[in-house]
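Descriptive structure summary
Here are the chains, one letter per residue:
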Number of protein chains: 2
Amino acid sequence: MALYASGEDYLEAILVLQRKMGAVRSVDLSRHMNFSKPSISNAVGLLKKGGFLEVDGNGSLLLTDLGREVAEQIYERHQFFTRQLIAAGVDEKLAEEDACKIEHAISEESFRKWKAELEG
Amino acid sequence: MALYASGEDYLEAILVLQRKMGAVRSVDLSRHMNFSKPSISNAVGLLKKGGFLEVDGNGSLLLTDLGREVAEQIYERHQFFTRQLIAAGVDEKLAEEDACKIEHAISEESFRKWKAELEG
DNA sequence: CCTTTTTGTTAGCTTACACTAACCTTTGGG
DNA sequence: CCCAAAGGTTAGTGTAAGCTAACAAAAAGG
């Protein structure tokens with residue numbers, strides 16, 4: 001079960017929301033990501049099928065170990081690129097936006113090495 | 001006429017091939033990018049319609065001023081990210097691959113500032 | 001000069017990923 | 001207790017961007 005950019009985004013958003021508000025339901029994700037309920041429903045179904053998350057009796061989305069690992073990796077990239085861009089003088093909003101796209105484009109190997117080089 | 005990541009890639013590839021071999025036809029692009037002839041044909045049609053390139057009597061693809069400008073912008077990003085990753089110890093092949101994806105993900109403003117910060 | 005190869009296009013398929021419209025549940029206040 | 005709101009799903013749509021199969025036209029060479 002392959003994971004695409006969009007799936008990574010969902011996992012990252014779940015992680016962020018979990019940290020911010022504890023339990024996370026589909027509707028929270030829908031509001032946070034500005035995606036329609038059906039889009040979320042579909043994505044959650046795929047992520048569940050892929051073993052990245054589970055849904056409990058209350059409708060709360062729970063990351064599996066695998067899902068959490070992916071989410072944390074992506075979130076680390078997000079923070080790194082955001083920091084770098086802000087340090088370069090980019091305003092926070094744009095830095096976040098661009099980081100959000102770059103984070104899916106780079107391989108783990110390149111990210112590790114680049115981060116070590118720039119923030120070592 | 002909006003330009004997407006794929007369109008940027010085609011323009012960049014045309015620029016690179018022009019520099020390497022002079023005239024560039026669709027079939028050269030097809031071989032270089034490992035895309036089927038119909039995919040190229042379709043993309044070239046869209047880029048033509050968008051005013052990014054023209055096709056002369058020999059089937060050579062000619063970038064318009066607009067097309068060249070975009071191509072050069074993207075190529076500059078490509079080189080920047082490739083350099084950065086190689087400097088961080090990433091091997092050339094992976095650096096190229098990742099640069100090729102990152103180059104479409106970053107905004108012009110962020111790129112300019114980041115490049116100035118890191119290489120300025 | 002005719003045949004084979006090269007080049008390009010047309011038509012139609014697939015997948016990822018968003019959307020709306022419409023429909024079920026469940027929940028919760030008056 | 002019932003009706004409305006909230007949460008979630010189903011079904012069907014659209015677009016970007018790749019693909020194959022099949023064909024047309026042009027070039028090349030025995």
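We now turn to the structure provided with this report. Predicted model, so just to flag it, every value in this text is computed and none were measured. (Residues numbered from 1 in each chain as written. Chains lettered and ligands numbered in written order. Predicted model: local features only at pLDDT ≥ 70, side-chain atom pairs only at ≥ 80, totals over all residues. Heavy atoms only, no water.)

1. Considerations on the overall build of chain A
The helix and strand inventory of chain A stands at 6 helices and 2 strands. Over its C-alpha atoms, taken along the principal directions, chain A stretches across nearly 45 × 25 × 20 Å. Per-residue burial for chain A yields a buried fraction of 43% across its 120 residues. As displayed, chain A offers around 6,200 Å² of accessible surface, 50% of which is attributable to carbon and sulfur atoms. The distance from the centre of the 15 positive side-chain charges to the centre of the 20 negative ones in chain A is 5 Å. (Helix = DSSP H or I, 4+ residues; strand = E, 2+ residues; numbered from the N terminus. Buried < 20%, exposed > 50% of the residue type's maximum accessible area, 1.4 Å probe, protein only. Areas by Shrake-Rupley, 256 points an atom, 1.4 Å probe, with all protein chains shown as cover. Lys, Arg positive; Asp, Glu negative; His and termini not counted. Charge placed at Lys NZ, Arg CZ, Asp CG, Glu CD.)

2. Brief notes about the pattern of salt bridges
Think of it this way: side chains of opposite charge can pair up when their charged atoms draw near. Residue and element names in this part refer to chain A. Evaluated as defined, the whole model comprises 21 salt bridges over all chains. With its nearest N and O atoms 3.5 Å apart, the salt bridge here joins Arg 19 to Glu 72. One end of the pair, Arg 19, is in helix H1 (residues 5-21); the other, Glu 72, is in helix H4 (residues 65-87), and 53 residues separate them in sequence. Its salt-bridge partner being Arg 77, residue Glu 108 comes within 2.8 Å of it at the nearest N-O pair. (Salt bridge = Lys/Arg side-chain N within 4 Å of Asp/Glu carboxyl O.)

3. A few points about the relation of the copies chain A and chain B
When chain A is fitted to chain B, the best match, at an RMSD of 0.1 Å, comes from turning it 179° and sliding it 0.0 Å along the axis. Look at the turn and shift together and you get a two-fold axis relating the two. Distance from the rotation axis, computed per C-alpha, reaches its smallest value in chain A at Ile 102 of chain A: 2.8 Å. Of the residues that chain A buries at the interface, 100% are likewise interface residues in chain B, meaning the two copies contact each other through the same surface. (Least-squares fit on C-alpha atoms with pLDDT ≥ 70 in both. Contact = heavy atoms within 4.5 Å.)

4. Section: the interface of chain A and chain B
Each side of the interface is counted separately: chain A has 21 residues, and chain B has 21 residues. Taken together, chain A and chain B are joined by 0 salt bridges. Elements represented by at least two residues in the side of chain A that touches chain B include exactly H4, helix H5 (92-105) and helix H6 (108-119) of chain A. In terms of residue class, the side of chain A that touches chain B is made up of 11 nonpolar, 4 polar and 6 charged. (Nonpolar A, V, L, I, M, F, W, Y, C, P; charged D, E, K, R; others polar.)

5. Brief notes about the protein's contact with DNA strand C
The immediate surroundings of DNA strand C are formed by 17 residues, with Tyr 4 and Ser 39 of chain A together with Val 27, Lys 37 and Ser 41 of chain B found nearest. Of what DNA strand C places within 4 Å of the protein, 55% of the atoms are sugar or phosphate. The separation between a phosphate oxygen of DNA strand C and a polar side-chain atom of Ser 6 of chain A is 3.1 Å. Ser 41 of chain B places a polar side-chain atom, nitrogen or oxygen, 2.7 Å from a phosphate oxygen of DNA strand C. Of all the secondary-structure elements, those providing two or more residues to the surface near DNA strand C are H1 and helix H3 (37-49) of chain A together with helix H2 (26-33) and helix H3 (37-49) of chain B. Of the residues contributing to the surface near DNA strand C, the split by class is 7 nonpolar, 7 polar and 3 charged. (Near = heavy atom within 4 Å. Polar contact = N/O pair within 3.5 Å; in protein donor to acceptor, adjacent residues only side chain to side chain.)

6. Topic: the side chain of Ser 107 of chain B
With respect to the element layout, Ser 107 of chain B can be found in the loop between helix H5 (92-105) and helix H6 (108-119). For Ser 107 of chain B, a relative accessible area of 18% gives the class buried. Polar side-chain contacts of Ser 107 of chain B include one of 2.5 Å to the side chain of Asp 98 of chain A. Only 3.2 Å separates the side chain of Ser 107 of chain B from the side chain of Ser 110 of chain B, close enough to count as a polar contact. Ser 107 of chain B has contacts with Leu 94 and Asp 98 of chain A together with Arg 77 of chain B, leaving out every residue within four places of it along the chain.

7. Quick word on the protein's contact with DNA strand D
Every one of the 17 residues lining DNA strand D counts as a neighbour, but Val 27, Lys 37 and Ser 41 of chain A together with Tyr 4 and Ser 39 of chain B are closest to it. Each atom of DNA strand D within 4 Å of the protein was assigned to sugar, phosphate or base; sugar and phosphate come to 57%. The contact in question runs from a phosphate oxygen of DNA strand D to an N or O atom on the backbone of Ser 36 of chain B, over 2.9 Å. Between DNA strand D and the protein, one listed contact pairs a phosphate oxygen with a side-chain N or O atom of Ser 39 of chain B at 2.6 Å.

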